[in-house]
Each structure stands twice: as C-alpha cells, then as structure tokens.
Amino acid sequence: MKSLAAIAALGMGIVAFGARAQDIEPGAAEPTTKQAPRQVAKTVPPALRTQKSGAATWQPLAEDGIALALNYTGEAAANATGGLRRDAAYTGQIYIGADLDFGKIAGLDGGTLHFAVTNRHGKSLSQIAIGNNTSVQEVWGTQNTHLAILTWEQKLFGGALDIEAGKSQANIHFLNSPLYCNFQSNSTCGNPTFVFKNSNFTYFPASSWMARAKVNIADRWFAHVGIYEVNPNRKRANDDGFSFSFKGGTGFIVPYELGYASDFTTDRLPRHYILGGWIDRGDYADPLRDDRGGVAILTGRPAATLKGRSGIYVRFDQMLTRPDPASERGLSIFGVAMTNLSGRVEERHFLELGLLQTGTFAGREHDTIGFVVNRQSFSDLAMERMRAARISAGGDGNIHRNQYMMELAYGAQIGAAIRLSPNIQYILNPDQTGAPFRSTGIKNALVFGFKFTIDALPLIGGMR
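(A) The arrangement of the overall build of the protein in detail. Along its length, the protein carries 7 helices and 16 strands. Scored against the burial criterion, the 464 residues of the protein give a buried share of 53%. Across the protein, contacts joining residues at least 24 apart in sequence account for 68% of those joining residues at least 6 apart. Carbon and sulfur atoms provide 62% of the accessible area of the protein, an area that totals close to 19,300 Å².

(B) Layout of the state of the cysteines. Evaluated as defined, the whole model comprises 1 disulfide. The disulfide partner of Cys181 is Cys189, and the gap between their sulfur atoms is 1.9 Å. Across the disulfide from Cys181 to Cys189, rotation about the S-S bond amounts to roughly 95°, and the bridge is consequently right-handed. Its relative accessible area of 2% is what places Cys181 among the buried residues.

(C) Representation of the environment of Ser126. As for its position among the elements, Ser126 is in helix α3 (residues 125-130). Leaving out residues up to four positions away in the same chain, Ser126 has contacts with Gly131, Asn132, Thr134, Ser135 and Val136. Within polar-contact distance, the side chain of Ser126 engages the backbone oxygen of Thr134 at 3.1 Å.

(D) Layout of helix α6 (residues 380-392). With 13 residues, α6 ought to run about 18 Å at 1.5 Å a step, and its terminal C-alpha atoms sit 18 Å apart, in line with that. Every buried residue of α6 is accounted for by Leu381, Ala382, Met383, Arg385, Met386, Ala388, Ala389 and Arg390. Against the buried residues of α6 lie β9 (271-290), α5 (296-299) and β13 (368-378).

(E) Quick look at the pattern of salt bridges. Taken as a whole, this structure holds 21 salt bridges when the rule is applied. Between Asp87 and Arg85 there is a salt bridge, and its shortest N-O distance comes to 3.5 Å. We note a salt bridge from Asp286 to Arg344, for which the minimum N-O separation is 2.4 Å. Of the two residues, Asp286 sits in strand β9 while Arg344 sits in the loop between β11 (330-342) and β12 (347-358), which places them 58 residues apart along the sequence.

Thresholds, definitions, all that
- Residues numbered from 1 in each chain as written.
- Predicted model: local features only at pLDDT ≥ 70, side-chain atom pairs only at ≥ 80, totals over all residues.
- Heavy atoms only, no water.
- Helix = DSSP H or I, 4+ residues; strand = E, 2+ residues; numbered from the N terminus.
- Buried < 20%, exposed > 50% of the residue type's maximum accessible area, 1.4 Å probe, protein only.
- Contact = heavy atoms within 4.5 Å.
- Areas by Shrake-Rupley, 256 points an atom, 1.4 Å probe, with all protein chains shown as cover.
- Disulfide = S-S within 2.5 Å.
- Polar contact = N/O pair within 3.5 Å; in protein donor to acceptor, adjacent residues only side chain to side chain.
- Expected span 1.5 Å × (residues − 1).
- Salt bridge = Lys/Arg side-chain N within 4 Å of Asp/Glu carboxyl O.

Structural data, given as structure tokens:
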C-alpha cells in the first residue's frame with residue numbers, strides 16, 4: 001500500500017502542476033456559454049468515448065432516426081527498457097456502428113436497435129516482448145472482423161427503466177467510466193483488468209447473448225443488473241460473432257451495480273459512487289491444478305474444470321475543481337478497489353487510483369492530462385504455479401506477488417475529428433504469464449505509447 005500511495009502521489013503532483021499551469025496561463029479566455037455536448041452514437045463503446053471536441057458530429061440520417069458511428073483507433077507501443085526484449089508493436093480497430101430510433105422510424109417510443117461491427121488487427125507488445133498478463137494496448141484482442149453489438153434497448157416509464165437484450169458484452173455496461181479510456185493501458189481502459197482475470201466477465205468486442213435492466217430508484221440513485229452467456233466459442237480467434245447458436249455455452253455471469261451518479265447538467269462537480277460485483281456460474285480453469293490433481297503447468301495436462309466464482313468492487317470518480325460552471329475544465333479523481341469472494345482465482349485483489357485534468361492550457365479546452373497507477377496482487381494459487389515453473393527451469397522461488405502498472409498520458413483534441421494521446425507507461429514487477437519457464441524475473445518495463453482516434457463523420461461532414 002505504501003508503494004502504491006507513493007507512486008500515486010508522484011503522479012498527482014504531475015497532474016496538479018498541469019492544472020496550475022492552465023490557471024496561470026496569460027491571456028487565457030474562459031468561455032461565456034456552455035458548449036453543446038458532442039453527440040455520439042450510443043453503440044460506440046467506452047473505449048472510444050474520449051473525444052471532447054464540443055462540436056456536434058455530422059449525422060446525415062438523424063431526422064430519420066438513424067445515428068451513425070465510424071471511427072478508427074490506433075495504438076502503438078515500444079519498450080525502451082525491460083521486458084523480455086526491446087521491441088515495438090501496433091494494433092488498431094475500425095468501428096462501424098448505428099443506432100436506429102424506432103420511435104422515429106416506426107412509432108415505437110423508447111425503442112432503439114443498436115448495431116456495431118469491428119475489425120481489429122496488429123500485435124500486442126505485452127505478448128511479444130514484455131511477457132506480463134495485461135496488454136499495454138487496449139484495443140488488442142479478438143483480432144478479426146466481428147459482430148460486436150446487436151441489441152434492442154427499450155426505455156419505459158419516462159426513462160426510469162432501461163432494458164436491453166441481444167448480443168453484447170458485460171464490460172460496456174458495467175464497471176466502466178469515460179475517464180478510463182483517456183489512457184492506453186488495458187489495466188485501466190476500458191475496465192480495471194482484475195475482473196477478466198478472476199471471472200468470465202465478457203469483454204468487447206467478443207459478443208454473446210445477454211440481457212440487462214437498469215432502474216432509477218431515487219434522485220440520482222440507480223440499480224443495474226444483467227445476465228451474460230459464458231461461451232468459450234465466442235472467444236476463439238476464428239469466431240466472428242455472427243453465430244447465434246448457444247452451442248458451447250457453459251453457464252452465465254451476473255454483474256450488478258448500485259450507485260449514485262450525476263453529470264454536468266445536474267451537478268457542478270459531477271460524481272459517481274458505485275458498489276458492484278458479479279456472480280459467475282460459468283466453467284473456468286483452475287489456476288494451479290490439472291484434472292488429476294497435479295500442477296498443470298508442470299504436467300502439461302488440462303487444467304481442472306471448475307464452476308462458481310464471485311467478486312465485489314467499489315469504484316468512484318469525483319470532479320474536484322471546476323472554476324467556471326459554464327465549462328467542463330477541471331480536475332477529477334477516480335479509483336477502484338476489487339476483490340474476489342469465492343472460487344479458486346488468479347488474483348486476490350486490485351487497487352487503482354488516477355487523476356485527470358480536463359482543459360490544460362489556454363485554448364486547449366478539451367485536452368486532458370492524466371496519471372493512473374494500479375496494483376494487481378496475485379493469489380497464493382498463482383504464486384505456487386509461478387514458483388513451480390521458475391524452479392523447474394533452474395531458477396529460485398523469489399516471485400513478486402504484486403504487479404504495478406502506471407501511465408502518464410496527454411490527450412490533444414485536434415478539431416472535431418482527431419484525438420492524439422502520447423503516453424508513458426511503466427510496469428513494476430511484470431508477472432511471467434507469457435514466459436513461465438524463465439529462470440529469472442522479467443525486468444521492469446518502460447513503455448512509450450501513442451494512441452489516436454479518427455472520427456470519420458466530422459471529416460465527411462466538413463467536406464460537404
């Protein structure tokens with residue numbers, strides 16, 4: 001805890017300096033009226049909802065009830081030191097989506113059809129050159145053309161009840177925040193990574209059958225619950241998401257949240273305070289034992305198949321400063337604490353803390369600078385597995401229990417269509433998931449990254 005607090009304090013100092021710099025910038029002109037929020041099709045997942053241009057996206061079919069999304073995200077990364085070896089990698093994602101408002105199309109008030117397809121391509125630096133269990137490039141994974149979303153959403157009772165069903169993922173509905181994807185590391189963006197290590201929590205863009213319901217239970221208070229199919233077939237490299245079969249399913253996972261939420265229209269300092277968790281009734285592989293009780297990584301036999309895990313988390317984000325109520329400039333803090341409640345799991349707990357300053361310098365209203373640090377703490381079962389592999393390779397059993405990942409990122413909004421985000425990441429005590437039989441520990445890795453998003457609709461609209 002002391003190490004995490006010290007690292008966080010360093011990052012907070014860097015971000016606070018950025019906040020002070022924009023306050024004392026000579027000649028800085030504050031806006032006199034609040035800019036209209038940029039309209040984005042709902043089907044754009046949280047990982048892509050980071051542009052802050054303040055300009056409305058061109059929507060040629062809006063009057064017909066159709067909102068479109070077309071964008072590209074690229075993420076490059078290179079480790080200058082540490083890891084298994086020095087290398088560089090690039091991965092990218094094409095996103096095509098549409099929301100069809102059936103209130104306008106067919107008079108079905110509150111009904112919306114959501115659709116999205118992705119194409120992911122490229123390589124993961126963590127996989128090829130670092131060897132740890134969490135990618136430093138968030139849009140890596142499911143490297144093909146994939147049906148990501150096909151759902152029907154229905155709002156009832158004036159929007160107090162929101163129901164959605166179809167093919168989608170738990171992580172775009174639960175355990176996410178627009179603040180997270182101002183960063184590139186997959187330990188933060190699009191969700192805190194712990195939940196994917198310790199459960200069958202489904203992730204974008206690998207879609208499976210689902211249903212969820214969210215209800216406003218009091219002013220700014222909500223309850224949210226869902227059920228998502230657990231199907232290993234949906235995570236295979238050759239799966240394209242267009243299968244509507246339940247074949248291969250092993251169970252389901254139920255995420256839930258109870259929380260308090262406000263935004264810029266209802267609160268001078270917007271905030272979210274959320275208690276959540278999951279009940280996982282899908283099959284999973286034992287992190288240590290094989291099907292005969294041996295240590296699977298040494299015997300080479302299949303891991304024992306188990307069923308039944310659960311976990312809990314608390315998360316928050318809170319805007320701390322907002323000098324001008326007509327502007328969204330200001331400093332926000334966010335954090336997450338997660339642990340498992342039952343099951344034989346890979347990690348015992350996860351802690352994260354971050355700061356994000358929106359509005360950095362004069363004229364840079366929608367730029368951001370942020371720092372985030374998190375700690376993954378491995379379970380006794382995972383530690384025993386890693387020690388067994390290290391010792392069998394002739395090394396010692398001195399394995400670090402805690403892996404720290406941190407990132408300093410700047411986001412520059414270039415017009416309505418382009419966002420550029422150079423970043424620096426550091427991994428302290430990388431785990432050896434990708435090189436289990438290495439006889440010595442993996443060196444701490446310093447990674448330079450570059451993330452960018454291009455939204456095609458403003459570009460097309462500007463050329464009209």
